[in-house]
Amino acid sequence: MRVMYLVKSNHPGPPTPELGAAIGKLTEREVKAGRLLDQGGLMPISMGAEVRIADGKLSLIDGPFVEAKEVVGGYAVFELRDKEEAIAMANEFMQLHKDLMPGWYGTCEVRFFATPPHNPHP
Amino acid sequence: MTDAHRAILAVWRIAQPRLITSLARMLRDVPLAEDLTQEALVAALEHWPATGIPEKPDAWLTATAKRKALDHLRRRKMLVRKHAQVAHALEQDEQTMPDLDSALDDDIGDEMLRLIFTACHPRLPRDARAALALRMICGLTTAEIARAFLAPEATVAQRITRAKRTLSESGLGYETPRGPELSQRLSSVLEVIYLIFNEGYSAARGDDWLRPELCNEALRMARALIAVKPRETEAHGLLALMELNASRAAARTDAAGDPILLPDQDRGLWDRIQIRRGLQALAQAEELGGAGGFYALQAAIIACHARAGMYADTDWARIVSLYGHLMALHPSPIIELNRAVAVGMAQGPAAALVILDRLRGEPALKSYHLLFSVRGDLLAKLGRREEARADFHTAASLATNRREREMLERRAAAICDHA
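Residues numbered from 1 in each chain as written. Chains lettered and ligands numbered in written order. Predicted model: local features only at pLDDT ≥ 70, side-chain atom pairs only at ≥ 80, totals over all residues. Heavy atoms only, no water.

### Thoughts on the overall build of chain A
Argument step 1. When its secondary structure is counted, chain A shows 2 helices and 6 strands.
Argument step 2. In sequence order, the secondary structure elements of chain A are arranged as β-α-β-β-β-β-α-β.
Argument step 3. Looking at chain A as a whole, 37% of its 122 residues qualify as buried.
Argument step 4. Expressed as a percentage of contacts within chain A between residues at least 6 apart in sequence, the contacts between residues at least 24 apart total 79%.
Argument step 5. As displayed, chain A offers around 6,900 Å² of accessible surface, 62% of which is attributable to carbon and sulfur atoms. (Helix = DSSP H or I, 4+ residues; strand = E, 2+ residues; numbered from the N terminus. Buried < 20%, exposed > 50% of the residue type's maximum accessible area, 1.4 Å probe, protein only. Contact = heavy atoms within 4.5 Å. Areas by Shrake-Rupley, 256 points an atom, 1.4 Å probe, with all protein chains shown as cover.)

Structural data, given as structure tokens:
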């Protein structure tokens, strides 16, 4: 099954070099294992924009604005066997944050891609 | 299996390639390393349900496996001592004992390669190679392999045990082919990967979910092989072929499980990510000079379909030419039949019929239903309805798959309606 990880946080500041290096190693391992399909970091939302519909009206919210909520800072797409494997992978990734960037807090959301209902190939 | 067991298995599976490769390096024995990796799993299944999965499961599994490996080395040393070969054993221990920690930090590339080549050794029967590869490279359990291949678990277990014994007894448990032998051995590896893929690709609706999952195992294996052998063009070609084939999985059958043929498939259901990866792998094979390889050519043919936004956009002339190259490389009546289909699309049904009439004498195609179904299709396009109908009936009577048979009967009946 295909899984997307969304890493959300409003902790300020970039990852420590140690965390960066460890994530790099994990990424390399997972590419070599053939499980990681795509991944990337995202620039802060203050540098982006939001196009929103509220009360039937379309509006553009352009930065810079204050980040109060947890926002997606990075994502990864994996091809994995089952939900357990998906969670194990997220655990390993978050454990690195816990060990190598003390004080960091946030969420790693584990989301499965939707597949057509009669597809025998999930 | 309980949820806790599944969670443990998942953690172990992620750690498994590193465990087995570093143990193999330490022990100079791949089958033995596999045994010990399994023992580490058994230990985890015993301990973790009570203690919970440790924060660093990798380290726990490594330490456990290392302890078991050292136990094994000590036992072996004792045995050897009995045979008065102490010096030899000590020398061996000196080489192997202190290795594991550093091995874990090292690049596992060479060991991974050795693992892949050992599991897919041409000396082993084909079924055994597939089972061993799934177990040693992908970390599937024997029960999972049995379910995926619709085989009894005892049969698969025996296949694996026997294969490992063959490897150990013939001294093939720790070697990497080099030079000219490598390319010959590589074709055995690619064959095993493709066999696993096709087993998964033939999975039907309602099958155990592990069956279609075999496609992903094969894809992962090919990507792992490329990670350690990035210049083998046919590995890229095979990866491209599998990615591009798999990209159509969702569009291949309807809700009832009936096959949907290429012209009728909803291309919106094709997996764009997978197509992109397939085309990248194909480009890689071609850049490395491997455009003419057996797998690369097949991938290039499917790429023509993947690139076409609509069926009518398909570059049939290029497909004809690619099948021509494939025929020259690997003459086969089945490939020629496929070329005929492409010729029919590129140059019209009459030109294709000429090829088909040549193929009718082929013993290999004598009772091949697709020969008759293709011919029926061409004849129908030429307005030769009676002959077309007869061919569809013949095709239906030869088809072994019920759904295919029904579809062919429907086509025969459809011609009657228009006559």
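### What about unusual backbone geometry?
All names here are of chain B.
Argument step 1. Positive phi, normally seen in glycine, also occurs at R28, with a value near 55°.
Argument step 2. A relative accessible area of 39% means that R28 is categorised as partly exposed.
Argument step 3. With a phi angle near 55°, L150 is a residue other than glycine that sits in the positive phi range.
Argument step 4. Relative to the helices and strands, L150 is located in the loop between α8 (142–148) and α9 (153–169).

### Brief notes about the interface of chain B and chain A
Argument step 1. Each partner contributes to the interface: chain B provides 42 residues, whereas chain A provides 31 residues.
Argument step 2. For chain B, the biggest contributors to the area lost against chain A are R13, I14 and R220 of chain B; these three give 21% of the whole.
Argument step 3. Inspection of the chain B/chain A interface yields 8 salt bridges.
Argument step 4. Salt-bridge contacts for D99 of chain A lead to K56 of chain B; the nearest nitrogen and oxygen are separated by 3.4 Å.
Argument step 5. The tally of links from chain B across to chain A stands at 11 residue pairs in polar contact (both at pLDDT 80 or more).
Argument step 6. Listed by contribution, the elements that provide at least two residues to the side of chain B that touches chain A are α1 (3–27), α10 (179–201), α11 (210–228) and α13 (272–287) of chain B.
Argument step 7. With 10 residues, α11 of chain B is the single largest residue contributor to the side of chain B that touches chain A.
Argument step 8. Residue classes in the side of chain B that touches chain A are distributed as 20 nonpolar, 4 polar and 18 charged. (Buried area = accessible area lost by both parts, 1.4 Å probe. Salt bridge = Lys/Arg side-chain N within 4 Å of Asp/Glu carboxyl O. Polar contact = N/O pair within 3.5 Å; in protein donor to acceptor, adjacent residues only side chain to side chain. Nonpolar A, V, L, I, M, F, W, Y, C, P; charged D, E, K, R; others polar.)

### Re the state of the cysteines
Residue and element names in this part refer to chain B.
Argument step 1. Counted by the stated rule, this structure contains 0 disulfides over all chains.
Argument step 2. Here C138 stays unpaired: no disulfide links it, and the sulfur of C120, its closest cysteine neighbor, is 9.6 Å away.
Argument step 3. The exposure class assigned to C138 is buried, which follows from its relative accessible area of 10%.
Argument step 4. Here C215 stays free of any disulfide, with the sulfur of C138 as its closest cysteine sulfur at 12 Å.
Argument step 5. Judged by relative accessible area, which is 3%, C215 ranks as buried. (Disulfide = S-S within 2.5 Å.)

### Quick word on the sheet that holds strand β2 (residues 36–41) of chain A
Residues and elements named next belong to chain A.
Argument step 1. If you trace the 4 strands from one edge of the open sheet to the other, you get β2-β5-β1-β6, paired in antiparallel fashion. The sheet terminates laterally at β2 and β6 (107–112), the two strands that pair on one side only. Going across the sheet, the axis of each strand differs from the next one's by a mean of 20°, ignoring polarity.
Argument step 2. Pairing of β2 with strand β5 (residues 71–79) involves 5 bridges; the strand directions are antiparallel. Across the sheet, the residue bridging to Q39 is A76, located in β5. (Pairing = 2+ DSSP bridges. Axes fitted to C-alpha atoms, helices over the stretch in contact; angles between N-to-C directions.)

### Some details on the pairing of β5 of chain A
Argument step 1. Across 8 bridges, strand β1 (residues 2–9) of chain A lies against β5 of chain A in antiparallel orientation. Each residue of the ladder has a partner; that of M4 of chain A, found in β5 of chain A, is V77 of chain A.

### Details of the packing of helix α7 (residues 126–136) of chain B against α9 of chain B
All names here are of chain B.
Argument step 1. In the contact formed by α7 and α9, the axes pass within 9 Å of each other and the chain directions differ by 90°. The angle between α7 and α9 places the two elements in the roughly perpendicular class. Residue-level inspection shows D127, A128, A131, L132 and R135 of α7 in contact with α9, the latter providing V156, R159, I160, A163, K164 and L167. (Parallel < 35°, antiparallel > 145°, perpendicular 65-115°, else oblique.)

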